[in-house]
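If you want the building blocks of each chain, they are given just below.
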Amino acid sequence: ITRVTLDFELKKKLFSELNKPDDGSRGDAIQRKREIADAHEICVIDGRFVIPDLRIEYETEDREPTKVDLELATGDYKASQVQAKRSAGLKIYAPDSALGSPALKDPELVSGLISF
C-alpha cells in the first residue's frame, strides 16, 4: 500500500477546484466538473461526483501502481445511491446487518458484497 485517501480528502480536492473562480474560459459547469473528476479518477453520475469512502493506492506484484475505491454500505442506503456507487465502479462492502436493507436486496448486488 502506497497511500490511503479518505472521502473528506477527496471532497476537499474536488470541491476546492470546482469552486475556484471561473473567468468563462473553462467551458460550461458540467464539462468543468467532468474534467476535475477525470483528473482525480472520480466518476460523475447524474451531475454529481461519486466519491468513495476510502481509496487505497498500492503496487501489484509486478510493481504496477493501481487503486481500489471502497464504499461501506449501510442499511440506510437508498437503492439509487447503491446503484450510483456500483455504476462508478466502487467496491461495495456491507456488514451482515445491512444486507436486509431494501437498497441491498438486489441478488446480483448482494452476490458481489463481502460481509464482515
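Residues numbered from 1 in each chain as written. Predicted model: local features only at pLDDT ≥ 70, side-chain atom pairs only at ≥ 80, totals over all residues. Heavy atoms only, no water.

1. Points about the packing of helix α1 (residues 7–18) against helix α2 (residues 29–39)
Definition in use: Every axis in this analysis is a line fitted to C-alpha atoms, fitted for helices over the stretch in contact. Angles between the N-to-C directions lie between 0 and 180 degrees. Secondary structure follows DSSP: runs of H or I at least 4 residues long count as helices, runs of E at least 2 residues long count as strands, and numbering of each begins at the N terminus. In this scheme the handedness of a crossing depends on how the near helix is turned from the far one: anticlockwise by less than a right angle means left-handed, clockwise means right-handed. Throughout, a residue-residue contact means that at least one pair of heavy atoms, one from each residue, lies within 4.5 Å. In the scheme used here, Gly and all other residues not listed as nonpolar or charged are polar, with Ala, Val, Leu, Ile, Met, Phe, Trp, Tyr, Cys and Pro taken as nonpolar and Asp, Glu, Lys and Arg as charged.
For the pair α1 and α2, the least separation of the axes is 10 Å and the interaxial angle reads 145°. Between α1 and α2 lies a crossing whose hand is right-handed. The residues of α2 that touch α1, namely those facing L14, E17 and L18, are R32, K33, I36 and A37. Residue composition of the contact of α1 with α2, grouped by class: four nonpolar, no polar and three charged.

2. Re the nonpolar core
Short version of the rule: Buried residues of nine kinds, namely Ala, Val, Leu, Ile, Met, Phe, Trp, Tyr and Cys, make up a nonpolar core once their side-chain atoms join them within 4.5 Å. Note on exposure labels: buried denotes an accessible area under 20% of the residue type's maximum, exposed denotes more than 50%, and partly exposed covers the range between, all computed with a 1.4 Å probe on protein chains only.
By size, the foremost hydrophobic cluster in this structure holds eight residues: L10, L14, L18, I36, A37, I42, F49 and I51. Going through the elements one at a time, α1 and α2 are the ones with two or more residues in this core. Here the element with the most residues in this core is α1; it accounts for three residues. Formed by five residues, the second largest nonpolar core is a distinct cluster that contains A73, Y77, I92 and A94.

3. Comments concerning unusual backbone geometry
Located in the positive-phi region is E41, a residue other than glycine, with phi close to 55°. Looking at the element boundaries, E41 is found in the loop between α2 and β2 (43–45). On the accessibility criterion, E41 (53% relative accessible area) is exposed. Of note, the phi angle at R63 is positive, near 65°, even though the residue is not glycine. Here R63 lies in the loop between β4 (54–59) and β5 (65–72).

Worth remembering: the numbers are spatial, not functional.
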